[in-house]
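Listed below are the residues making up each chain.
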Amino acid sequence: NGHAIFRRKGFFGYVNNRGKEIFPPILTQAEHFINGVARISVGKFYGLIDQNGEMVIELACDYVGIPQDSFVRVKTGGVWYVYTIKGEKVCRASESISGEFSNGMAVIRVMDKSLIVWKKYMNGKGEIPIETDFIWAGTYKNNVAVVKADVNDKELFGIINKEGNYVVEPKFSKTLGIYSEGFLGVEKNGKWGFIDTRGNWLVEPKYDEVNAFKNGYAMVSKGMRKWGIIDNKGN
């Protein structure tokens, strides 16, 4: 985003692409800009700055999430809040937010009367639009998310849409957890393949191991020391 992190005397700051220092080197941790903002920290305190080096969220929070959406999770005084990446407080979260916002949704932890912890989804308004309890819930990408559910006493992975309806019924023993470039690595009957966001097979399960797609390609394995590369057509 036209900025670089620099280090001076053990602390970090930012310069723009004209070499102008926009934030002094006082930080113990500095991260790259995403969506026009960057997460920073000094010691145990987190904050958020914009591309001019101005504070968006004050450097006084217990935690600030990675700003990969228009919303970001913030923890202050042991309580979770929802903020916009412009620094506007939206609401106080009723539950613990355990995942970053993506596609307008974040994963929360909910405990039932039996003290069993389940995962649900919360939107940027603090609402819980999907009532289903999941054993595990992944980050939304391309408006779908990977979830783990109890199916006849078996823990299996499936894919849901933003309404909480299954795009792909739970039937996979393992997945890579999140879509990358529109494809997800899944394991079925001991072999790995790739599906698209509608559950159609790009590559039928035939590999011993797969890595996520990056720049149109993915690494795949047919055994120890036997690796190859496929393109996004499965060749």
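Definitions and cut-offs
- Residues numbered from 1 in each chain as written.
- Predicted model: local features only at pLDDT ≥ 70, side-chain atom pairs only at ≥ 80, totals over all residues.
- Heavy atoms only, no water.
- Patch = residues over 30% accessible without salt bridge, like charges linked within 9 Å, V, L, I, M, F, W, Y side chains within 5 Å.
- Areas by Shrake-Rupley, 256 points an atom, 1.4 Å probe, with all protein chains shown as cover.
- Salt bridge = Lys/Arg side-chain N within 4 Å of Asp/Glu carboxyl O.
- Helix = DSSP H or I, 4+ residues; strand = E, 2+ residues; numbered from the N terminus.
- Pairing = 2+ DSSP bridges.
- Phe/Tyr/Trp six-rings, centres within 6.5 Å; stacked < 30°, edge-to-face > 60°.
- Lys NZ or Arg CZ within 6 Å of the ring centre and 35° of its normal.
- Core = buried A, V, L, I, M, F, W, Y, C linked by side-chain atoms within 4.5 Å.
- Buried < 20%, exposed > 50% of the residue type's maximum accessible area, 1.4 Å probe, protein only.
- Contact = heavy atoms within 4.5 Å.

**Student:** How should a nonpolar patch on the surface be read in this particular structure?
**Tutor:** Judged by side-chain polarity, Tyr 217, Met 219, Trp 227 and Ile 229 come together as a nonpolar surface patch covering roughly 450 Å² of accessible area. At the level of secondary structure, the elements contributing two or more residues to the nonpolar patch comprise strand E24 (217-221) and strand E25 (227-231). Tracing the sequence through the fold places Ile 229 in strand E25.

**Student:** Sorry if this is basic, but what is going on with the sheet that holds strand E13 (residues 105-111) here?
**Tutor:** Consider a sheet: its strands pair through backbone hydrogen bonds, and that pairing is either parallel or antiparallel. Here we have three strands laid out as an open sheet, ordered E12-E13-E14, and antiparallel in their pairing. Each edge of the open sheet carries a strand with a single partner, namely strand E12 (96-97) and strand E14 (117-123). Where E12 lies against E13, two bridges are found, and the strand directions are antiparallel. Pairing of Ile 97 across the sheet is with Ile 108, part of E13.

**Student:** Explanation requested: the packing of aromatic side chains in the structure shown.
**Tutor:** What describes a pair of aromatic rings is the distance from one ring centre to the other and the angle between the planes of the rings. For the structure shown, the criterion picks out ten aromatic pairs. For the ring pair Phe 71 and Phe 101, a centre distance of 5.8 Å and an interplane angle of 45 degrees mean the geometry is tilted. Residue Phe 71 is located in strand E9 (residues 71-76), and its partner Phe 101 is located in the loop between E12 and E13; the two are separated by 30 residues in the primary sequence. Of the aromatic side chains, those joined through ring pairs into one cluster are Tyr 46, Tyr 63 and Trp 80. The ring of Tyr 81 has Lys 89 sitting right over it, with the charged end atom 4.6 Å from the ring centre.

**Student:** Explain the pairing of strand E2 (residues 11-16) here, please?
**Tutor:** Residues in a regular strand project their side chains so that they alternate between the two faces of the sheet. For strand E1 (residues 3-8) and E2, the ladder comprises six bridges, and the chain directions are antiparallel. Looking across to E2, one finds that Ala 4 is bridged to Val 15. As consecutive antiparallel partners, E1 and E2 are separated by two residues, and within that stretch Lys 9 has a phi angle of approximately 55 degrees, a positive value. Pairing geometry for E2 and strand E3 (residues 21-27), over three bridges, is antiparallel. Bridged to Phe 12 within E3 is Leu 27. The antiparallel hairpin formed by E2 and E3 contains four residues in its connecting segment, where Gly 19 sits at a positive phi of about 85 degrees.

**Student:** Before we go on, may I ask you to explain the pairing of E24 in this structure?
**Tutor:** As defined by bridge partners, strand E23 (residues 209-210) adjoins E24 across two bridges and the pair is classed as antiparallel. The partner of Glu 209 across the bridge, within E24, is Ser 221. Counting the residues between successive antiparallel strands, the hairpin from E23 to E24 contains six residues, one of them, Asn 215, with a positive phi of roughly 55 degrees. Pairing of E24 with E25 involves five bridges; the strand directions are antiparallel. Residue pairing across strands places Tyr 217 opposite Asp 231, the latter belonging to E25.

**Student:** Just checking my understanding: could you explain the nonpolar core for this structure?
**Tutor:** One broad trend across soluble globular proteins is that nonpolar side chains are buried collectively. With 13 residues, the main nonpolar core has Leu 48, Ile 57, Val 64, Val 72, Val 74 and Tyr 83 as its most contacted residues. Listed by contribution, the elements that provide at least two residues to this core are strand E6 (45-50), strand E7 (55-61), E9 and strand E10 (79-84). The residues touching Ile 57, leaving out its near neighbours within four places in the chain, are Gly 47, Leu 48, Val 64, Val 72, Val 74, Tyr 83 and Gly 87.

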